[in-house]
Each structure stands twice: as C-alpha cells, then as structure tokens.
Amino acid sequence: MRPLSARNPRLQRLSRLVRKREERTEQRALVVEGPVLVEAAVQAGLEVHDLYVDEASLDRPSVADLLRRLPAEIDPWVVPAGVLDRVGDVTTSQGIVAVVAQRRTEWPTPEVSGFVLVLAELQIPGNVGTLIRAAAAAGAGAVVCAGGADPTSPKVVRASAGALFGIDTVTAPTPAVALARLHADGYRVATAVVDGGTPHTDADLTHPIALVLGSEAHGASDDVVALSDLLVTIAMAGPTESLNVAMAGTLLCFEVLRARPAAEG
C-alpha cells in the first residue's frame, strides 16, 4: 500500500470523476464506493485503475478482509482520514473507493438480447440504478438509457448494487432515437402507461421486446406512445393511481420473465 497526500492530483482527478459526466465519458471510468461494490467490480473482471483507502478504515473488518483478497497487482493508495468523505459521492464514505474501467458494451440486437429495458428520460439516479438491477435479475440482455440521468454516475452504480457491471447499459440522446433504432432492429416496443393500456398480465410480452418506462414526473411522452406497438397498464385493485417507476418497472420486468419461457418452449 502506498501513502497519498490530501493534495495529490490523483484525488483531484477522483473528485472530477465523481462529479462530472464528461470526465467519466472521456476516461471511460466508473467510481465505485464501498467494499461490497469494489469486490463486485473486481469479480466482474473490470480493470481497477486506482484504489483509495481511508487510513482510518484499514482495520475495519470489511475493508481489511477485502484488501487481503484483492489480486496482488492492485496496489491501494492510502489517504488521510476523512479525505474520501470529502471527495466521494456520499456524506460518510465506507472507507474505500475504486476507479474502474467501464465495461465494453454493445447496442442490443434481438439475436443477442431478446428483452431490452428502455428508460425514457428518467431523472432520478436511484431509480435508474434500481431498474438496471431489476432488468439484470429478470434476464434482460441490455438497458437503454434514453436521455435523463447518466447511468455512469456513482449514485446509479450504487443503486444498481453491482448489476451495472454485468449487463450492457447503453445510451441514446432521446427516446425517439432509441425506439427508432430498436424498431429497425426488429424489436416490438411495449410502453408502460398509467391507464388505458392492456393489463400487464394479458399483454403479449414475448420477445423480442423492448419495454419502455417513462419519466417519474410525466410518464411516457406522446412521442413515445406514438412509437409504441403496445401499451401496458398495471391493473390495480386499490385506490392508488400509480406506482413508483422503479416498483412498476420491476414488476413489469418480471412479467416479461414470466412470459418468455412459454414463448421459448
């Protein structure tokens, strides 16, 4: 392990990576915080560019255990106590932060990814990360982030609980651009709407399917609805008008999973 002063330019670079999308894009890097996610990134085979450890956390069991098990070629930088709290994305760090290479991703095609989740202008990083996690758990081959929150932000990485490291997550400038390309590639586009769509348990969600979720505030836009082959509504028995987008999207992802074995059989 190597000591690093609080004024070292490496920490200035880390701060820029945490806060600026353009820095992460230019360097094709992700900032990963906490021992659980750092280990997940290593296990996923992502190259670790830099690893920073708070000197006050060296004896913390979760951090010490991870450091013992890391590959020998990963040589951590040890920084003064409290520095990572100021540089990282959370008020109180978990004592360890890594800069890792973004995984190489491919735009999905029906032959490779029969199920794709499209996030159309979602603004809240926590929702984006949660839905990436749900999509991966439900067997989606890719997630398309069309506008909205940056899927490389530390908040998204954290909310995805490491799922971002194992599923192709690509971007498009607008939902219209994403859906036009997915249509051209042979996907059927199914968009979630609050009401007026086919009940989710009756909808044909067999692949190749691109499931679209609209923004938290406004749902699917008129343009997205117009580009859809199918509108899907979650039928609810109670007085609630709608579900949080992360909850609704998770339910629909697993509805796609439920529908797919019948189509494949």
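It should be noted that the structure appears before, not after, this text.
Residue indices follow the written sequence of each chain, beginning from 1 at its first position. Two thresholds apply to this predicted model, a pLDDT of at least 70 for residue-level local features and 80 or more for giving and counting side-chain atom pairs, whereas whole-chain, interface and lining totals are computed over all residues. Excluding hydrogens and water, the side-chain values take into account all heavy atoms of the structure.

Enquirer: Would you mind showing me how to read the overall build of the chain here?
Expert: Regarding its fold elements, the chain presents ten helices and twelve strands. When we talk radius of gyration, it's over C-alpha atoms, and the globule rule is simply 2.2 Å times the number of residues to the 0.38. The globule rule puts the C-alpha radius of gyration for 265 residues at 18 Å, and the 20 Å found for the chain is close to it. Summarising its shape, the C-alpha atoms of the chain cover approximately 60 × 35 × 35 Å along the three principal directions. Counting over 265 residues, the chain shows a buried share of 49%. Only heavy atoms matter for contacts: two residues are in contact if any of them lie within 4.5 Å across the pair. Taking all contacts inside the chain whose residues are at least 6 apart in sequence as the whole, residues at least 24 apart take part in 82%. Note on areas: Shrake-Rupley, 1.4 Å probe, and residue coverage restricted to the protein chains presented here. For the chain, the accessible surface area stands at approximately 12300 Å², while carbon and sulfur atoms represent 51% of it. By the counting rule applied here, Lys and Arg register as positive and Asp and Glu as negative, while His and the ends of each chain are not counted. By convention, charge coordinates are those of NZ in Lys, CZ in Arg, CG in Asp, or CD in Glu. Averaging the positions of the 23 positive and the 31 negative side-chain charges in the chain gives two centres separated by 8 Å. Put simply, DSSP marks the helices as runs of H or I at least four residues long and the strands as runs of E at least two long, and each gets a number from the N terminus on. To sort residues, take the accessible area from a 1.4 Å probe on protein chains only and compare it with the maximum for the residue type: under 20% means buried, over 50% means exposed, and anything in between is partly exposed.

Enquirer: For this particular structure, what's the right way to read the packing of aromatic side chains?
Expert: Two aromatic rings, taken as a pair, are described by how far apart their centres are and by the angle between their planes. Two aromatic rings from Phe, Tyr or Trp, using only the six-membered ring of Trp, form a pair when their centres are within 6.5 Å; if the ring planes differ by under 30 degrees the pair is stacked, by over 60 it is edge-to-face, and anything between is tilted. Considering all chains together, one arrives at zero aromatic pairs under this definition. Criterion for a charge above a ring: Arg CZ or Lys NZ at most 6 Å from the ring centre, at most 35 degrees from the ring normal. Directly above the aromatic system of W77 lies the positively charged group of R2, at a separation of 3.7 Å from the ring centroid.

Enquirer: How should I be thinking about the sheet that holds strand β3 (residues 48–54) in this particular structure?
Expert: Each strand in a sheet pairs with its neighbour through backbone hydrogen bonds, running either in the same direction (parallel) or in the opposite one (antiparallel). Think of it this way: DSSP has to see at least two bridges between two strands before they count as a pair. Ordered in space as β1-β4-β3-β5-β2, the five strands form an open sheet in which the pairing is mixed. Here the strands that pair on one side only, and so sit at the sheet edges, are β1 (2–3) and β2 (29–33). Here β1 runs beside strand β4 (residues 77–79); their pairing, made up of two bridges, is parallel. Paired with P3 across the two strands is V78, which belongs to β4.

Enquirer: Can you help me understand the sheet that holds strand β6 (residues 115–120) in this one?
Expert: Strand order across the open sheet formed by seven strands is β8-β7-β6-β11-β9-β12-β10, with parallel pairing between neighbours. Every other strand in the sheet has two partners, leaving β8 (168–172) and β10 (198–199) as the edge strands with one partner each. Sheet analysis places strand β9 (residues 188–192) next to strand β12 (residues 230–233), joined by three bridges and oriented parallel. Across the sheet, the residue bridging to A192 is V232, located in β12. Only the contacting stretch of a helix is used when fitting its axis, a line to C-alpha atoms as for every element, and angles between N-to-C directions run 0 to 180 degrees. Sheet strands touched by helix α6 (residues 125–137): β6, β7 (142–146), β8 and β11 (209–213). Its angle to β6, the strand with the most contacts, is close to 170 degrees.

Enquirer: Please clarify how the packing of helix α3 (residues 35–43) against helix α4 (residues 61–69) should be interpreted in this entry.
Expert: The relative placement of two packed helices comes down to the angle between their axes together with the axis-to-axis distance. Between α3 and α4, whose axes approach to 10 Å, the crossing angle comes to 20 degrees. The orientation of α3 relative to α4 falls into the category roughly parallel. Between α3 and α4 lies a crossing whose hand is left-handed. Residues P35, V38 and E39 of α3 pack against S62, L66 and R69 of α4. Tallied by class, the residues present in the contact of α3 with α4 amount to three nonpolar, one polar and two charged. Each angle gets one of four labels, with under 35 degrees taken as roughly parallel, over 145 as roughly antiparallel, 65 to 115 as roughly perpendicular, and the rest as oblique. The sense of a crossing depends on the near helix, which, turned anticlockwise from the far helix by less than a right angle, makes the crossing left-handed and, turned clockwise, makes it right-handed. Classes in brief: Ala, Val, Leu, Ile, Met, Phe, Trp, Tyr, Cys and Pro nonpolar; Asp, Glu, Lys and Arg charged; the others, Gly included, polar.

Enquirer: Just to check I follow, could you spell out the side chain of T169 for this structure?
Expert: With respect to the helices, strands and loops of the structure, T169 is situated in strand β8. In contact with T169, not counting residues within four places along its chain, are T105, I132, V143, C145, P151 and L164.

Enquirer: I keep staring at the nonpolar core and nothing clicks. Help me out?
Expert: Generally speaking, soluble globular proteins have nonpolar side chains that are buried together. For the purposes of this section, nonpolar cores are sets of buried Ala, Val, Leu, Ile, Met, Phe, Trp, Tyr and Cys residues that join through side-chain atoms within 4.5 Å. Ranked by size, the top nonpolar core spans 53 residues in total, and within it L51, L117, L119 and L205 carry the most contacts. Residues in contact with L117, not counting those within four places in the same chain, are L131, A135, A142, V143, V144, L211, L213 and C253. In this structure, W107, A146, V170 and Y187 belong to the second largest nonpolar core, which totals 18 residues.

Enquirer: It is not clear to me how the pairing of β12 should be interpreted in this structure. Could you clarify?
Expert: Side-chain positions along a regular strand alternate between the two faces of the sheet. Where β10 meets β12, two bridges bridge the pair, whose relative direction is parallel. Residue pairing for β12: T198 is matched across the bridge by V232.

Enquirer: Explain the environment of R2 to me, please; I cannot follow it from the model alone.
Expert: Tracing the backbone shows R2 in strand β1. The exposure class assigned to R2 is partly exposed, which follows from its relative accessible area of 30%. In this structure the C-alpha to C-alpha distance between R2 and D75, which are 73 residues apart in sequence, comes to 7.3 Å. Excluding residues that lie within four positions of it along the chain, R2 makes contacts with D75, P76, W77 and V78. A distance of 2.5 Å separates a polar side-chain atom of R2 from the backbone oxygen of D75. The definition of a polar contact used here is a pair of N or O atoms within 3.5 Å, where within protein one atom must be able to donate a hydrogen and the other to accept one, and adjacent residues in sequence count solely through side-chain atom pairs.

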